[in-house]
Amino acid sequence: MDLDLPIWFEVGSLVVLTLILVADLLLILKRPHIPSTRESTLWVVFYVTLALIFAGLMWIFAGGEFAGQFIAGWLTEYSLSIDNLFVFVLIMSQFAVPRRYQQEVLMVGIIIALVLRGIFILLGAAVIENFSWIFYIFGAFLVWTAWRQAFPGGDHDDDVQRENFIVRVLRRTIDISDHYDGAKIRTVVNGKKIFTPMIIVFVAIGVTDLLFAIDSIPAIFGITQSPFIVFTANIFALMGLRQLYFLLGGLLDRLRYLHYGIAFILAFIGVKLVLHAMHVNELPFINGGEHIEWAPEISTWMSLGVIIVAMAVATIASLIASAREKTSSTEAASIDDGTGAAPTADAAAAVVADEKGTPPTVEQPPAPDER
């Protein structure tokens, strides 16, 4: 069953979403500031409500099945986007980005993510259309990603070295100032125009977005094969991510079991993709090239239920464990000077950075006499 929506609805949706993103960007450029908790909450609620309204319109124009696919895809991408925030925290901290300008950095990161995911979506849709066996590869990749997410003790040194190499090359090939000049990428030092450390921040954000896109796109194609739903679910997941960054703040370090919930979701979708590949099998060396009829097709609504339960369990378990550890560390503080306290947001971000292979640390720009 293919998605059949009025063309005016598809075009109109993309136009409206684009206008909202542009307006959000212009608002940041015109009034850079640190959003309050109330402001961030209102924006997050607005974007979540907007996504639910869109799901309702999908139900009206396309039916409950496709509305369910959108909600499941949106929740999956939203959970992965929250995972992305851990690395954003790390990048902001290690680059010492002034908090006043972090909104602009986040918005640039969101735009880069949208562009990269748009490219991956088009490529993924074309591959799926012509090669159904790609679901085997997508499924295996997601199961492997889930394992890496749940047990991040693997060796990602090669990935980290490659990315640190990019940063080192950048610093050696272009002149970079020692200090930020607001949110500018270029500044003037001693009468010479050079780059600010902001250029390295954007490179780090871009590399991070690329790695997360590689994980997230196969995941959502395991829920729906409609490029329109895939793209809109990604847009809604990224909208409000900037405000969510400031809203969660120190709460990120309390979501210590979030990666287990995400790992379970990825593994579930990976298995679902493999089963789907078996159901539509065309590979000659598997079952003689015939479909494997006994392979079950997992419904969209079952997928949605698994996603909600996994994230709810991971979140509740994280908050309970954090509360218990906070109580224990408070009691122990007078004895061991706080040993056993909960990890900082940077530490939690470092764990996710290790999982994704992104740089765990970023050196400060060298002094002029060191270049």
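This is a predicted model, so every value here is computed, not measured.

**Digging into the overall build of the protein**
Secondary structure summary: the protein contains 12 helices and 2 strands in total. The buried share among the 371 residues of the protein stands at 49%.

**Observations concerning the environment of Gly182**
As for its placement among the helices and strands, Gly182 is situated in the loop between α6 (157-173) and β1 (186-189). Taking the C-alpha atoms as reference, Gly182 lies 8.6 Å from Arg100; in sequence the two are 82 residues apart. In this structure, Gly182 is in contact with Tyr101 and Met198, ignoring residues within four places of it in sequence.

**Brief notes about the nonpolar core**
One finds Met58 and Phe70 to be the most contacted residues of the largest nonpolar core, which totals 96 residues. In terms of residue count, the dominant contributor to this core is helix α3 (residues 64-94) (16 residues). The residues contacting Phe70, other than those within four sequence positions of it, are Ala51, Phe54, Ala55, Ile229, Thr232, Ala233 and Phe236.

**Observations regarding the packing of aromatic side chains**
Per the counting criterion, the structure on display carries 16 aromatic pairs. Centroid distance Phe9 to Phe54: 5.7 Å. Interplanar angle 20°. Geometry classified as stacked. In this pair, Phe9 sits in helix α1 (residues 7-30) while Phe54 sits in helix α2 (residues 37-62), placing the two residues 45 residues apart along the sequence. Clustering of aromatic rings is evident, with ring pairs tying together Trp8, Phe9, Phe54, Phe61, Phe70, Phe228 and Phe236.

**Focus: the environment of Ser40**
Its place among the elements puts Ser40 in helix α2. Remark: the alpha-carbon pair of Ser40 and Gln243, spanning 203 residues in sequence, is separated by 4.8 Å. Excluding its chain neighbours within four sequence positions, the residues that come into contact with Ser40 are Pro35, Gln243, Phe246 and Leu247.

**Section: the side chain of Ser318**
Structurally, the position occupied by Ser318 is in helix α11 (residues 300-336). Here Ser318 falls in the buried class, since its relative accessible area comes to 0%. Residues contacting Ser318, with those up to four places away along its chain left out, are Arg254, Leu255, Arg256, Tyr257 and Leu258.

**As for α1**
A rise of 1.5 Å per residue sets the reference length of α1, with its 24 residues, at 34 Å; its end C-alpha atoms lie 34 Å apart and thus fit the reference within 8%. Of all the positions in α1, only Phe9, Ser13, Leu17, Ile20, Leu21, Asp24 and Ile28 are classed as buried. The elements touched by buried residues of α1 are α2, α4 (102-130), α8 (227-238) and α9 (241-248).

**Focus on the pairing of β1**
Relative to strand β2 (residues 192-195), β1 is paired through 4 bridges, and the arrangement is antiparallel. Paired with Val188 across the bridge in β2 is Lys193. Between β1 and β2, which pair antiparallel in sequence order, lie 2 residues; one of them, Asn190, sits at a positive phi of approximately 55°.

**With respect to a nonpolar patch on the surface**
Taken together, the side chains of Ile7, Trp8, Val11, Val15, Leu19, Ile53, Leu57, Ile60 and Phe61 present a nonpolar region at the surface, about 900 Å² in accessible area. Mapped onto the nonpolar patch, the elements with two or more residues apiece are α1 and α2. At 5 residues, α1 tops the list of elements feeding residues into the nonpolar patch. Relative to the helices and strands, Phe61 is located in helix α2.

**Some points on the packing of α1 against α8**
Put simply, α1 and α8 touch, their axes get as near as 11 Å, and they point 20° apart. Relative to α8, the element α1 lies roughly parallel. Crossing angle aside, the handedness with which α1 passes α8 is left-handed. Residues Phe9, Glu10, Ser13, Leu14, Leu17 and Leu21 of α1 form the contact with α8, whose own contacting residues are Phe228, Phe231, Thr232, Ile235 and Phe236. Residue composition of the contact of α1 with α8, grouped by class: 8 nonpolar, 2 polar and 1 charged.

**As for the environment of Gly56**
By the secondary structure assignment, Gly56 is in helix α2. As a C-alpha pair, Gly56 and Ile71 span 15 residues in sequence and 9.9 Å in three-dimensional space.

**What about the confidence of the model for the protein?**
On average, residues of the protein carry a pLDDT of 77, and 82% of them reach 70 or more. Considering each helix and strand of the protein separately, the mean pLDDT is smallest for helix α12 (residues 345-356), with a value of 56, and largest for α2, with 90. Low pLDDT, under 50, characterises residues 360-371; the stretch is placed with 25 contacts to residues that sit more than four places away or in other chains.

Procedures and definitions
- Residues numbered from 1 in each chain as written.
- Predicted model: local features only at pLDDT ≥ 70, side-chain atom pairs only at ≥ 80, totals over all residues.
- Heavy atoms only, no water.
- Helix = DSSP H or I, 4+ residues; strand = E, 2+ residues; numbered from the N terminus.
- Buried < 20%, exposed > 50% of the residue type's maximum accessible area, 1.4 Å probe, protein only.
- Contact = heavy atoms within 4.5 Å.
- Core = buried A, V, L, I, M, F, W, Y, C linked by side-chain atoms within 4.5 Å.
- Phe/Tyr/Trp six-rings, centres within 6.5 Å; stacked < 30°, edge-to-face > 60°.
- Expected span 1.5 Å × (residues − 1).
- Pairing = 2+ DSSP bridges.
- Patch = residues over 30% accessible without salt bridge, like charges linked within 9 Å, V, L, I, M, F, W, Y side chains within 5 Å.
- Areas by Shrake-Rupley, 256 points an atom, 1.4 Å probe, with all protein chains shown as cover.
- Salt bridge = Lys/Arg side-chain N within 4 Å of Asp/Glu carboxyl O.
- Axes fitted to C-alpha atoms, helices over the stretch in contact; angles between N-to-C directions.
- Parallel < 35°, antiparallel > 145°, perpendicular 65-115°, else oblique.
- Left-handed = near helix turned anticlockwise from the far one by under 90°.
- Nonpolar A, V, L, I, M, F, W, Y, C, P; charged D, E, K, R; others polar.
- pLDDT = per-residue confidence, 0-100.

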